[in-house]
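Each chain, letter by letter, is given below.
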Amino acid sequence: MTQRLNYAEAAPQAMQLLFKQEAHITKQFKEHEKLTIGILHLIKLRASQINHCGYCVDMHNKEALAHGESIERLTSLVTWRDMPCYTEQERAALLWCEALTNGESIDDALYQQVLQHFDEQSLVELTVAINAINSWNRIGKSFKPTVGSYQVSS
């Protein structure tokens, strides 16, 4: 796959908004007691799988591994409902992620199920993070950055 254009160079101000949002998301997942970096990695990877964004799948696998995530949990993510290696809170986040990513209707039952594992602020932050990765996936799918080129910064 050949990169179509360098989106960061083509529209730097627009991309800075997304990078600023990403910094906010990371900070929230590090500081809020109901959110974890592990959950952030899982939702980013799962949304990227659903959206078939090769660049983002590669990136989020690498980032999750660098932060100590296990290969078993990463390779099992596509079948997370059938795997015992995820916590109930992670399952709720993945359920929310899949519903939002797939454009499903969020009924009261789903909302209440997820809200059992997150307070109101963390549910909003989780939703913003899911929306952000979906946005990044669409950028990746549109402009095709080179898959495999991402390197985790230290």
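Everything numeric in this text was worked out from a predicted model, so none of it was measured.

Considerations on the overall build of the protein
Part 1 of the argument: For the protein, the count of helices and strands is eight helices and zero strands.
Part 2 of the argument: Each helix (α) and strand (β) of the protein, taken in turn from the N terminus, gives the series α-α-α-α-α-α-α-α.
Part 3 of the argument: Against the compact-globule benchmark of 15 Å for 154 residues, the protein has a radius of gyration of 15 Å, which places it among compact chains.
Part 4 of the argument: Over its C-alpha atoms, taken along the principal directions, the protein stretches across nearly 40 × 30 × 30 Å.

Remarks on the nonpolar core
Part 1 of the argument: Membership of the largest hydrophobic core comes to 36 residues, with the highest contact counts inside it found for Phe29, Ile43, Phe118 and Leu126.
Part 2 of the argument: Those elements giving two or more residues to this core turn out to be helix H2 (12-31), helix H3 (37-50), helix H6 (88-101), helix H7 (108-115) and helix H8 (120-143).
Part 3 of the argument: With eight residues, H8 is the single largest residue contributor to this core.
Part 4 of the argument: Sequence-distant contacts of phenylalanine 118, that is, excluding residues within four places in its chain, are made with Lys34, Leu35, Ile39, Gln89, Ala92, Ala93, Leu123 and Leu126.

Looking at unusual backbone geometry
Part 1 of the argument: In the Ramachandran plot, histidine 52 falls in the positive-phi region, its phi being about 55° despite a non-glycine side chain.
Part 2 of the argument: Here histidine 52 lies in the loop between H3 and helix H4 (54-66).

Some words on the confidence of the model for the protein
Part 1 of the argument: Across the protein, the average pLDDT comes to 94, with 98% of residues at 70 or higher.
Part 2 of the argument: For the protein, helix H1 (residues 7-10) is the element with the lowest average pLDDT, namely 90, and H6 is the one with the highest, namely 98.

Some points on the packing of aromatic side chains
Part 1 of the argument: Throughout the structure, instances matching the rule amount to three aromatic pairs.
Part 2 of the argument: Centre to centre, the rings of phenylalanine 19 and tryptophan 136 are 5.2 Å apart; their planes meet at 45°, and the pair counts as tilted. Of this pair, phenylalanine 19 sits in helix H2 while tryptophan 136 is found in helix H8, placing the two residues 117 residues apart along the sequence.

Quick word on H3
Part 1 of the argument: Between its first and last C-alpha atoms H3 spans 20 Å; for 14 residues at 1.5 Å apiece the expected length is 20 Å, and the two agree.
Part 2 of the argument: Of all 14 residues making up H3, twelve are buried, and the element is well covered by its neighbours.
Part 3 of the argument: Listed as buried for H3 are Ile39, Leu40, His41, Leu42, Ile43, Lys44, Leu45, Arg46, Ala47, Ser48, Gln49 and Ile50.
Part 4 of the argument: In the core, the buried residues of H3 are packed alongside H2, H4, helix H5 (71-75), H6 and H8.

Details of the packing of H3 against H4
Part 1 of the argument: Packing of H3 against H4 brings their axes to within 9 Å, and their N-to-C directions diverge by 160°. Between H3 and H4, the interaxial angle falls into the category roughly antiparallel. In the crossing of H3 with H4, the sense of the turn from one axis to the other is left-handed. Within the contact between the two elements, H3 uses His41, Lys44, Leu45, Ser48 and Gln49 and H4 uses Cys56, Val57, His60, Asn61, Glu63 and Ala64.
Part 2 of the argument: Its residues placed into classes, the contact of H3 with H4 shows four nonpolar, five polar and two charged.

Comments concerning the pattern of salt bridges
Part 1 of the argument: All chains considered together, the criterion is met by eight salt bridges.
Part 2 of the argument: The partner of lysine 27 in a salt bridge is glutamate 31, with the nearest N and O atoms 3.2 Å apart. Pair noted here: lysine 27 and glutamate 31 are both in helix H2, with a separation of four residues, about one helical turn.
Part 3 of the argument: Assessed through its relative accessible area of 43%, lysine 27 is described here as partly exposed.

About the cut-offs
- Residues numbered from 1 in each chain as written.
- Predicted model: local features only at pLDDT ≥ 70, side-chain atom pairs only at ≥ 80, totals over all residues.
- Heavy atoms only, no water.
- Helix = DSSP H or I, 4+ residues; strand = E, 2+ residues; numbered from the N terminus.
- Rg over C-alpha atoms; globule rule 2.2 N^0.38 Å.
- Core = buried A, V, L, I, M, F, W, Y, C linked by side-chain atoms within 4.5 Å.
- Buried < 20%, exposed > 50% of the residue type's maximum accessible area, 1.4 Å probe, protein only.
- Contact = heavy atoms within 4.5 Å.
- pLDDT = per-residue confidence, 0-100.
- Phe/Tyr/Trp six-rings, centres within 6.5 Å; stacked < 30°, edge-to-face > 60°.
- Expected span 1.5 Å × (residues − 1).
- Axes fitted to C-alpha atoms, helices over the stretch in contact; angles between N-to-C directions.
- Parallel < 35°, antiparallel > 145°, perpendicular 65-115°, else oblique.
- Left-handed = near helix turned anticlockwise from the far one by under 90°.
- Nonpolar A, V, L, I, M, F, W, Y, C, P; charged D, E, K, R; others polar.
- Salt bridge = Lys/Arg side-chain N within 4 Å of Asp/Glu carboxyl O.

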